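# Fold and geometry: a report
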Amino acid sequence: MKPIIKPFLPPLEEYNKYLEGIWEGNWLTNMGPLSGKLEEGLKLLLKVDRLLFVTSGTVALQMAIKALDLKGEIITTPYSFMATASSIVWVGCKPVFVEIDKHSLNIDPSQIEAAITPETTGILATHIYGNPCDVEAIEAVAKKNNLKVIYDGAHAFGVEINGKSVFEYGDISICSLHATKYNHAVEGGLVITKDGNLLKKLAYIRNFGFNGNDAFDGLRINGKNSELHAAMGLANLKWIDRIFEKRKLLTETYDKQLRNFGGVKPVWNTNASLNYAFYPLVFDTEQLMHKCILKLEKNEIHTKRYFYPSLASSLPYLEPQGLKVTDSICKRIICLPLYYDLSVEEVELISGLLLEAQNSQMDMSGVCSLDFY
Ligand SMILES: *Cc1c(COP(=O)(O)O)cnc(C)c1O
């Protein structure tokens, strides 16, 4: 079975080297030397000045909302992983969903203003599949309305926009270092900010609010990560260029093979670089998508309806809400297998199966993709 994602594992001896150091030093967690080294390495690689290594991307989101003291309503995207919306609810705020742009699949900035109420305190937008949001438009509407901005950059590791890290935008950005993500530490997340005072606050939030040994700065939690996770992060970091090159090659192979296929990729931000974290494909019709999924499954190739259904319609703790563009995309999108161990031949095989599925349904009337709503 070809999975949709296969986590990258570095050579065991490279990980073991770090473990030996941990055994010698007997320092397992609490901002240890490897965590520090990972943070320094990531700052250099991502070209950002300030970040913290934390438990997970989800905890990073919760820490970000708390650090910015957001209350009431937070405007957010219905097209993301559930942690984006659940984090808002978890910290006692209310998510207000705004439609996505049908080309980028990111939140549509032109619709944010209409969703602002006196209760609104912030915007939480996701760079979906690593494709940067229209950060300038979001910044403009945030400034005008005195709102804070958090970016869920769980998919956006390494992406640059206007020549700098996408994580430089917004008040706080987060990233996920989960095993299924492009660069991982088994479990883990990052909070990234340009603001030194905010970073200090985030550091308190990460460590129970400890201010010295016997004083506390406020109501805080445990968002630390361990040395064993940092070790995996460091071992993987050495491979990041090779992982990038391989993913790029596989993506270009899909692009070439699927140039006559009845589906489109989201339109990438023209000012941004790519990280090849995912290969999302929006099918012309739902029918064609189901046919393709079936064809691939029959050949033991797994795909994921990522994301389906929309956050606005599916979370049991929120009133379900239909959104025309979002729901239409959710129904017709899958991600194709894309990971380091996948071969070019396998990508060709997968593409061939998709084309076969398409050609065997030529008789059915195809509704043209993004224009029918
Ligand atoms: C994976 C993911 C998260 C959560 O990250 P974890 O590290 O798994 O907690 C948040 N947002 C998005 C968009 C994600 O894909």
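Residues numbered from 1 in each chain as written. Predicted model: local features only at pLDDT ≥ 70, side-chain atom pairs only at ≥ 80, totals over all residues. Heavy atoms only, no water.

### What about the UniProt feature "modified residue: N6-(pyridoxal phosphate)lysine" (unreviewed entry) in the protein chain?
Mapped onto the present numbering, the UniProt feature "modified residue: N6-(pyridoxal phosphate)lysine" (unreviewed entry) falls at Lys181. Of note, Lys181 is situated in the loop between β8 (172-176) and β9 (189-192). Once residues lying within four places of it in the same chain are set aside, the contact partners of Lys181 are Ala154, His155, Ser176 and Tyr306. (UniProt positions renumbered as here; feature names shortened; annotations may be inferred. Helix = DSSP H or I, 4+ residues; strand = E, 2+ residues; numbered from the N terminus. Contact = heavy atoms within 4.5 Å.)

### Some remarks on the sheet that holds strand β1 (residues 51-54)
Spatially, β1-β9-β8-β5-β4-β2-β3 is the arrangement adopted by the 7 strands of the open sheet, whose pairing is mixed. The open sheet has two free edges, formed respectively by β1 and β3 (94-97), since each of these has just one partner strand. Strand-to-strand twist in this sheet, taken as the mean axis angle between neighbours without regard to direction, amounts to 25 degrees. Alignment of β8 against β9, held across 4 bridges, turns out to be antiparallel. (Pairing = 2+ DSSP bridges. Axes fitted to C-alpha atoms, helices over the stretch in contact; angles between N-to-C directions.)

### Describing helix α8 (residues 227-237)
By the criterion of burial, α8 is predominantly enclosed, with 9 of the 11 residues buried. Here α8 has its buried residues at Glu227, Ala230, Ala231, Met232, Gly233, Leu234, Ala235, Asn236 and Leu237. Buried residues along α8 sit in contact with α1 (12-25), α2 (33-46), β1 and α9 (240-257). Its side-chain oxygen placed 3.2 Å from the backbone nitrogen of Leu228, Ser226 serves as the N-cap of α8. (Buried < 20%, exposed > 50% of the residue type's maximum accessible area, 1.4 Å probe, protein only. Polar contact = N/O pair within 3.5 Å; in protein donor to acceptor, adjacent residues only side chain to side chain.)

### Focus on the side chain of Glu73
With respect to the helices and strands, Glu73 occurs in strand β2 (residues 73-76). Polar contacts involving the side chain of Glu73 include one to the side chain of Thr117, which spans 2.9 Å. Residues within four places of Glu73 in sequence aside, it is in contact with Lys94, Val96, Thr117, Glu119, Thr120, Thr121 and Gly122.

### A word on the sheet that holds strand β12 (residues 333-335)
Neighbouring strands of a sheet are bound in pairs by backbone hydrogen bonds; such pairs are parallel or else antiparallel. If you trace the 3 strands from one edge of the open sheet to the other, you get β10-β11-β12, paired in antiparallel fashion. The sheet terminates laterally at β10 (263-264) and β12, the two strands that pair on one side only. Pairing geometry for strand β11 (residues 280-283) and β12, over 3 bridges, is antiparallel. Across the sheet, residue Leu281 finds its bridge partner in β12, namely Ile334.

### Here we look at the UniProt feature "active site" (unreviewed entry) in the protein chain
Residues annotated in UniProt with the feature "active site" (unreviewed entry) correspond here to Lys181. Taking relative accessible area as the criterion, Lys181 reaches 14% and is therefore assigned buried.

### Observations concerning the side chain of Asn275
Relative to the helices and strands, Asn275 resides in the loop between β10 and β11. Of the polar contacts made by the side chain of Asn275, one reaches the backbone oxygen of His155; its length is 2.9 Å. A distance of 3.0 Å separates a polar side-chain atom of Asn275 from the backbone oxygen of Phe157. Not counting residues up to four positions away in its chain, the partners in contact with Asn275 are Tyr129, His155, Ala156, Phe157, Val159, Tyr182, Phe244, Arg247 and Trp268.

### What about the pairing of β2?
A two-sided burial pattern is seen for β2, the buried positions comprising Glu73 and Ile75 on one face and Ile74 and Thr76 on the other. As defined by bridge partners, β2 adjoins β3 across 4 bridges and the pair is classed as parallel. When the sheet's bridge partners are listed, Glu73 is paired in β3 with Lys94. The parallel pair β2 and β3, bridged by helix α4 (residues 82-90), forms a crossover whose chirality is right-handed. Sheet analysis places β2 next to strand β4 (residues 120-126), joined by 4 bridges and oriented parallel. Bridging from a neighbouring strand, Glu73 pairs with Thr120 of β4. (Right-handed = clockwise from strand over helix to strand, strands pointing away.)

### Here's the deal with the domain arrangement of the protein chain
Assigned domains within the protein chain: domain 1 (12-237) and domain 2 (240-365). Taking only C-alpha atoms, the centre of domain 1 and the centre of domain 2 are 26 Å apart. Listed per partner, the contact involves 37 residues of domain 1 and 33 residues of domain 2. Of the roughly 3000 Å² buried at the junction of domain 1 and domain 2 (both faces included), carbon and sulfur atoms supply 66%. Counting across the interface, domain 1 meets domain 2 through 0 salt bridges. The interface formed by domain 1 and domain 2 includes 18 residue pairs in polar contact (both at pLDDT 80 or more). At the level of secondary structure, the elements contributing two or more residues to the side of domain 1 that touches domain 2 comprise α4, β3, β6 (160-161) and α8. (Domains from an automatic or database assignment. Buried area = accessible area lost by both parts, 1.4 Å probe. Salt bridge = Lys/Arg side-chain N within 4 Å of Asp/Glu carboxyl O.)

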